[in-house]
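# Chain and residue survey
Chain by chain, the residues:
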Amino acid sequence: MDEQTRFAPGWPGGRPRWTSSAKSGVGTSLGPASRVWFTISHGIFNEIYHPDLDRACIRDLGLIVTDGRQFLSEEKRHTHSEVTQPVDGVPAYHLVNRCASGRYRVEKDIIADPWLDVVLQRTRFVPTEGVVADYHVYALLAPHLANHGAGNTAWVGEDQAMPMLFAQRGAFVLALASSAPWLKRSAGFVGVSDGWRDLTRHREMTWDYTRAENGNVALCGEVDLEACGSEFVLALAFGRSPAEAAGRASESLQRGFDSSWDRYVSEWADWQESLVPVAEPATARRGLYRVSAAVLRTHESKQFPGGMIASLSIPWGFSKGDDDLGGYHLVWPRDLVESAGGFLAAGAAEDARRVLRYLEATQEADGHWPQNMWLSGAPYWQGIQMDETAFPILLVDLARREGALDEEGAREFWPMVRRSAGYVARNGPVTQQDRWEEDPGYSPFTLAVEVAALLAGADLAELNGEAAIASYLRETADAWNACIERWTYVSGTDLSGEVGVRGYYVRIAPTDEATAASPAEGFVPIKNRPPGDSSMPASQLVSPDALALVRFGLRAADDPRITDTVKVIDSLLKVETPEGPLWHRYNGDGYGEHEDGSPFDGTGRGRGWPLLVGERAHFELAAGRRDDAERLLKAMGGFANAGGLIPEQVWDVADIAGKELYCGQPSGSAMPLVWAHAEYIKLLRSLDDGRIFDMPPQTKQRYQVERVGSPHGIWRFNHKARVLEVGKLLRLELLMPTRVHWSDDGWQRVRDSESIDTGIGVHLVDLPTRDLPVDAMVRFTFFWPGAERWEGTDFEVRVVAATGSGPIPGGAASGVSASK
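Throughout this description, residue numbers start from 1 for each chain and increase along the sequence as written. Two thresholds apply to this predicted model, a pLDDT of at least 70 for residue-level local features and 80 or more for giving and counting side-chain atom pairs, whereas whole-chain, interface and lining totals are computed over all residues. Side-chain measures were taken over the full set of non-hydrogen atoms in the model, leaving aside hydrogen atoms and water.

Aromatic rings from Phe, Tyr and Trp, taking only the six-membered ring of Trp, are treated as a pair when their centres fall within 6.5 Å; an angle between ring planes under 30 degrees marks them as stacked, one over 60 as edge-to-face, and anything in between as tilted. In total, this model carries 30 aromatic pairs according to the counting rule given. Aromatic pair Trp715 and Phe717: ring centres 5.0 Å apart, planes at 70°, arrangement edge-to-face. Taken together, the ring pairs connect Trp715, Phe717, Phe780, Phe782, Trp784 and Phe795 into an aromatic cluster. Geometrically, a lysine NZ or arginine CZ counts as sitting over a ring once it is within 6 Å of the ring centre and also within 35 degrees of the ring normal. The lysine or arginine in question, Arg55, covers the ring of Trp374, its NZ or CZ lying 5.0 Å from the ring centre. For the cation-ring pair, Arg103 lies above Phe71, with the distance from its terminal atom to the ring centre recorded as 4.1 Å.

Surface patches are drawn from residues lacking salt bridges whose relative accessible area is over 30%; two like charges belong together within 9 Å, two nonpolar side chains (Val, Leu, Ile, Met, Phe, Trp, Tyr) within 5 Å. Throughout, the Shrake-Rupley method with a 1.4 Å probe supplies accessible areas, and for residues the shown protein chains are the sole cover considered. In the sections that follow, a salt bridge refers to a side-chain nitrogen of Lys or Arg positioned within 4 Å of a carboxyl oxygen of Asp or Glu. Charge counting treats Lys and Arg as positive and Asp and Glu as negative, with His and both chain ends excluded. Taken as the charge location is NZ of Lys, CZ of Arg, CG of Asp or CD of Glu. A cluster of acidic side chains, namely Glu360, Asp406, Glu408 and Glu412, defines a negative patch on the protein surface. Strands here mean DSSP runs of E at least two residues long; helices mean DSSP runs of H or I at least four residues long; both are numbered from the N terminus. Tracing the sequence through the fold places Glu412 in helix 10 (residues 407-412).

Our next topic: the pattern of salt bridges. What the rule picks out here adds up to 69 salt bridges. One salt bridge in this structure joins Arg77 and Glu74, with 2.5 Å as the shortest N-O distance. One salt bridge in this structure joins Arg798 and Asp775, with 3.8 Å as the shortest N-O distance. Taken as a pair, Arg798 in strand 31 (residues 795-800) and Asp775 in the loop between strand 28 (763-767) and strand 29 (777-784) lie far apart in primary sequence, 23 residues in all. The classification of residues rests on relative accessible area computed with a 1.4 Å probe and restricted to protein chains. Under 20% of the type maximum is buried, over 50% is exposed, and intermediate values are partly exposed. Residue Asp775 is classed as exposed on the basis of its relative accessible area, which comes to 54%. Because the salt bridges share partners, they merge into one network encompassing Asp570, Arg616, Glu620, Arg625, Asp628 and Arg631.

Attention now goes to the confidence of the model for the protein chain. Here the protein chain shows a mean pLDDT of 92. Residues at 70 or above account for 92%. Confidence scores per residue from the predictor, reported as pLDDT, run from 0 to 100. Should any heavy atoms of two residues lie within 4.5 Å, those residues are considered in contact. This stretch, residues 510-536, has a pLDDT under 50; its non-local contacts, to residues over four places away or in other chains, come to 60 contacts. Low pLDDT, under 50, characterises residues 807-820; the predicted model gives this stretch 42 contacts beyond four residues in sequence or across chains.

Formed by 227 residues in total, the largest nonpolar core has its most connected members in Phe38, Ile48, Ile58, Leu236, Tyr264 and Phe552. When sequence neighbours within four positions are dropped, the list of residues in contact with Tyr264 reads Gly27, Thr28, Ser29, Phe38, Val90, Pro91, Ala92, Ile111, Ala112 and Pro114. The next biggest cluster of nonpolar side chains, apart from the first, holds 19 residues, and it includes Trp715, Leu732, Ala776 and Phe782. Residue types Ala, Val, Leu, Ile, Met, Phe, Trp, Tyr and Cys, when buried and joined through side-chain atoms within 4.5 Å, form a set referred to as a nonpolar core.

For helix 5 (residues 257-273), with 17 residues, the first-to-last C-alpha span of 24 Å sits near the 24 Å given by 1.5 Å per residue. Of all the residues in helix 5, the buried ones are Phe257, Ser260, Trp261, Tyr264, Val265, Glu267, Trp268, Trp271 and Gln272. Considered in projection along helix 5, the buried side chains sweep an arc of 160° and stay on one side of the axis. Away from the buried face of helix 5 by more than 90 degrees, exposed residues Asp262, Asp270 and Glu273 are located. A helix's residues, less one, multiplied by 1.5 Å, set its expected span. An arc is given here, and it is the one of the directions from the helix axis to the C-beta atoms.

Closest axis-to-axis distance for the helix 7 (residues 333-345)/helix 8 (residues 349-362) pair is 8 Å, and the angle between their directions is 155°. Looking at the two axes, helix 7 sits roughly antiparallel to helix 8. The two elements helix 7 and helix 8 cross, and the hand of that crossing is left-handed. Seen from helix 7, the contacting residues are Leu336, Val337, Ala340, Phe343 and Leu344; seen from helix 8, they are Asp351, Ala352, Val355, Tyr358 and Leu359. When residue character is reported, Ala, Val, Leu, Ile, Met, Phe, Trp, Tyr, Cys and Pro are called nonpolar, Asp, Glu, Lys and Arg charged, and the others, Gly included, polar. Residues that form the contact of helix 7 with helix 8 fall into these classes: 9 nonpolar, no polar and 1 charged. Interaxial angles span 0 to 180 degrees and are taken between N-to-C directions of axes, which are lines fitted to C-alpha atoms, for helices over the stretch in contact. Put simply, angles under 35 degrees are roughly parallel, angles over 145 are roughly antiparallel, angles from 65 to 115 are roughly perpendicular, and the rest are oblique. With the far helix as reference, a near helix turned anticlockwise by less than a right angle produces a left-handed crossing, and one turned clockwise produces a right-handed crossing.

Turning our attention to the packing of helix 18 (residues 610-622) against helix 20 (residues 674-689). With their axes 9 Å apart at the nearest point, helix 18 and helix 20 run at an angle of 20° to one another. Taken together, the axis directions place helix 18 and helix 20 in an arrangement best described as roughly parallel. Regarding helix 18 and helix 20, the two cross each other, and that crossing is left-handed. In this structure, helix 18 contributes Leu611, Gly614, Glu615, Ala617, His618 and Leu621 to the contact, and helix 20 contributes Trp675, Ala676, Glu679, Lys682, Leu683, Ser686 and Leu687.

The sheet built from 9 strands is open, its strands ordered 6-7-8-9-17-13-12-11-15 with antiparallel pairing. Here the strands that pair on one side only, and so sit at the sheet edges, are strand 6 (79-84) and strand 15 (211-215). The average undirected angle you get between the axes of adjacent strands in this sheet is 20°. Pairing analysis gives 7 bridges linking strand 11 (residues 152-159) to strand 12 (residues 162-169), with the strands arranged antiparallel. Bridge pairing links Glu158 to Pro163 in strand 12. Where helix 4 (residues 242-255) meets the sheet, it contacts strand 9 (118-127), strand 11, strand 12, strand 13 (172-178) and strand 17 (231-239), and its direction lies at approximately 145° from that of strand 17. Criterion used throughout: strands pair if DSSP finds at least two bridges between them.

This is the structure we're talking about:
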């Protein structure tokens, strides 16, 4: 450092914090040359990401206006902001921020440079009281490079004699340049020597520190308004070195904002033009289809094409630090497949194919996908969710039906589907976790996805000449489908009496079949606890997830068990807001703000989800109530903010204005939620088509039209059935070859049966138990030839009377017989 270096005091600065999740805009250049993504909130830049969507590099960048004496106005706090998109469906933004005191307005146009890793903001300062010379305008930047507010170094410097502001953390570097001259510049530590602290104390910049090292830092610069006629462009550039970042900033400014704007807009407009023109009902929010499509495309990686994160936001970010970003900058295979379904609904076939190729590249060797992962495919959390492994099969099937994959294209993905189907068959039907990341058990949503995926996988197996695998997958789907009511349907509870229904589906039931709710075995009601009680027993948790049984075609919308469940869902989870009805995820949900509006901190109370409004609308359409579906479409659009972004959750109780929480408007959770935008697109397409866009035809045909049941009751080590319905074969499924040593008369007569290999890692034996009477007991153990040892434990399954629930028993004979 030279003698002119003026080090800022106050190391390391205050504790880093992120910022609001209430985004009003998100954007990126559509081409691959620009690897930068921006977000907008409260009239300013919030997080900007580089070189990919899982690396936030700033907290925010906004303006402060002073008169140099008494007046101070900060854009994000002291203005009323309006945001518009000058071109429909193009994430280029025009912002107008009007001073709450009526003294000025700031007009901005915001894009990403389509050629470089640079975001551009053209700014026009307009005094509405006094003249330009009465004011000072300062740019205030908070670097948070590589997802960290700590450990950044900020300094003022030059590139080719052009003054700039710099920050660096390891290999991540940014440079902020202005088309207008900087009058003053300074680097400091947040909360002690930063520009905000200087301006709020003195109403002008009095500090001119040139360097702040290895802390929570901020940069500040005064723009020379008179030199630029009060109109200037800020270029925030990123690179691997200060020279690279500065060079990009300079090049972008030299090319000119108009040139970048024209290229940026034309690329997006061309992509939007390629989409199918889905009709929007008169009640729909105008333009939200195109906004939603752009939200999906904006959340796709350029370094890992096809990879899409859940949201360019940090829920309750203002309360979170470096180690508490949450999982929204990660890829969730479920959200990814749902988003790809939105692409298909919009006719974006190539975009959906990129997702399939990404899934193919990130699949684990055993067939599953991580619960969530970095864009590189590296796992983040260590959990596994069965629906996330099953969903990609449904995506291949949907892409095939929609013409995004021809027969040859579908064959290309058969190895991926084969591994996925094998994993589901080996490890289902019990979920490791359900779709809301909760405890293991039986979930109607996951069961619906698993069963539908096994049937779709069977079709793809036949397409690839694997008839035996196809037969086994269908038999497994049939057996699981036939047990859904035993696993997830309860009756005779206090709650069913209060609502006036016979029974209802529950979100998670116990994994032990001996205690599962079963009409055949007799269900002892567990007293229902009130909503919001986190001690709610698993067998009493109610969720709109049950509607997945209809969405995925396993049950009819007018099935009395479904219609009764809807009444229970509405009694516990439905809430009315000024924009329309909302539904909570489940009773006892703790993911949301506290009652006083304070942010979620590991505890809280879940709020209503617009995503679930879309799912309910699909149910209403399946039930033939189109008008109701359109009303819910209108409500879903009403929950979007002024920029058209749909939040994860909506505040659904009385307003708390001091915390920006208003009934019917976004809460502090993620916004936008990409999955919600995909659901909106699919709902528009479903209404346009007059049918559920993504309902697999296999399930509806097999279980609602043909009413196929199952001749099997399945036992496996991860699913030790205690009972077998009379008249069924007992199928034993193992993960390695075995010899089953068994008896149906208390070991007086003993038989041995050899397993057969299904070809996807499951070895099975069908025991001839069809003719056994009720209360007969089947006992068995295993000899493992590969290890030359006996299991050493006897297992028992009791024959019980048929429940009479589910599809009609029976169905086709086994296509893979293992009886001996």
